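Spelled out, the chains give:
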Amino acid sequence: MTVLGAVFRPQLPPERLRPLAQAADAAGLDELWLWEDCFLESGIATASAALAWTERLRVGIGLLPVPLRNVALTAMEVATLDRLFPGRLVLGVGHGLQSWMGQVGARVDSPLTLLHEYLDALRALLRGERVTTRGRYVSLDDVALDWPPTSAPPVYAGALGPRTVQLTGEAADGTVLDASVSPDGLRRARALIAEGRAAADRPSTEHHPVVIYLHAATGPGAADRLRAELDRWGVDPTGLGVAGDAEAVAEAVQRLADAGADTVVLQPTADEPDPEGFLRFTAEEVRPLVPR
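Here is a short report on the structure shown in this document. (Residues numbered from 1 in each chain as written. Predicted model: local features only at pLDDT ≥ 70, side-chain atom pairs only at ≥ 80, totals over all residues. Heavy atoms only, no water.)

A few words on unusual backbone geometry. Geometrically, the link from Cys 38 to Phe 39 is a cis peptide bond, its omega value of 0° lying close to zero. Structurally, Phe 39 is set in the loop between strand 2 (31–34) and helix 2 (43–53). For the peptide bond that leads from Gly 62 to Leu 63, omega is 20°, which places it in the cis range. If you check the backbone angles, Asp 201 has positive phi at about 60° while not being a glycine. (Helix = DSSP H or I, 4+ residues; strand = E, 2+ residues; numbered from the N terminus.)

As structure tokens, then:
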């Protein structure tokens, strides 16, 4: 089954979230994804609001930057949201953009070490365990949640470089890849994830889900808007993104699914003229064309 989602981009003001989340819920969108980009909007605050304003919509956070957030606080917030809205939150954490981390005094010498320590501690806390650890960056002394989730939610980790992709296989429950990854890049990521899982002696029979973003544009001027968006991201446009009608977008989604994606999240351009319409397009026109 391929899950189909779309992004509420934080370039939109927070007050736009309610009508957009409710439009996504009414249209039957599988998942609405939110970003915690400095210095735009909080991932936890927006996720809690979107969950409260909707009935069935799953909400993904991709990603919470771990240098900004004490792991015990993240565990408390995630556990609270999971108990309030069981099974509807999809959590992703990651390094954070290093220049932003530097701006707020949170940059670390080894982001990879921090992420590994953080994932180990966060997943243990969400399993209801009592944790004592003395790592390079993560230190907990006899910490346990009083209100842990009734069933531990999966913790995804974002990755781009090969070492981090491999780490997600070793220490996370799933992987989030950004829209700069092509289908061939996704296949390479799948191989690195498998290497990480093998190195950690994790069961080969367990499925490791992968979420990937896809630049997408539709409607008048779609191709021009997509080209401008890829230029802004500074990525090689070869094999990236899709502009066109529902059939063209569904074909691009299927290419990523065939390469190993479990969830494809359509990422509209920053200048998308009709964000609500984009969500309805995703749910009502593209979703029926993507095999479940």
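Once you've had a look at it, read on.
Attention shifts here to the nonpolar core. Leu 32, Val 93, Leu 122, Leu 186 and Leu 266 are the most contacted members of the largest nonpolar core, which has 78 residues in total. The element contributing the most residues to this core is helix 5 (residues 111–126), with 9 residues. Residues contacting Val 93, with those up to four places away along its chain left out, are Leu 63, Leu 64, Val 66, Leu 115, Leu 119, Leu 122, Val 155, Tyr 156, Ala 157 and Gly 158. Grouped together as the second largest cluster of nonpolar side chains are 10 residues, Val 7, Trp 35, Ala 179 and Tyr 213 included. (Core = buried A, V, L, I, M, F, W, Y, C linked by side-chain atoms within 4.5 Å. Buried < 20%, exposed > 50% of the residue type's maximum accessible area, 1.4 Å probe, protein only. Contact = heavy atoms within 4.5 Å.)

Right, let's talk about the side chain of Thr 46 for a bit. With respect to the helices and strands, Thr 46 occurs in helix 2. A polar contact is formed between the side chain of Thr 46 and the backbone oxygen of Gly 43, at a distance of 3.1 Å. In this view, Thr 46 contacts Leu 17, Leu 34 and Glu 41; residues no more than four positions away in its chain are not counted. (Polar contact = N/O pair within 3.5 Å; in protein donor to acceptor, adjacent residues only side chain to side chain.)

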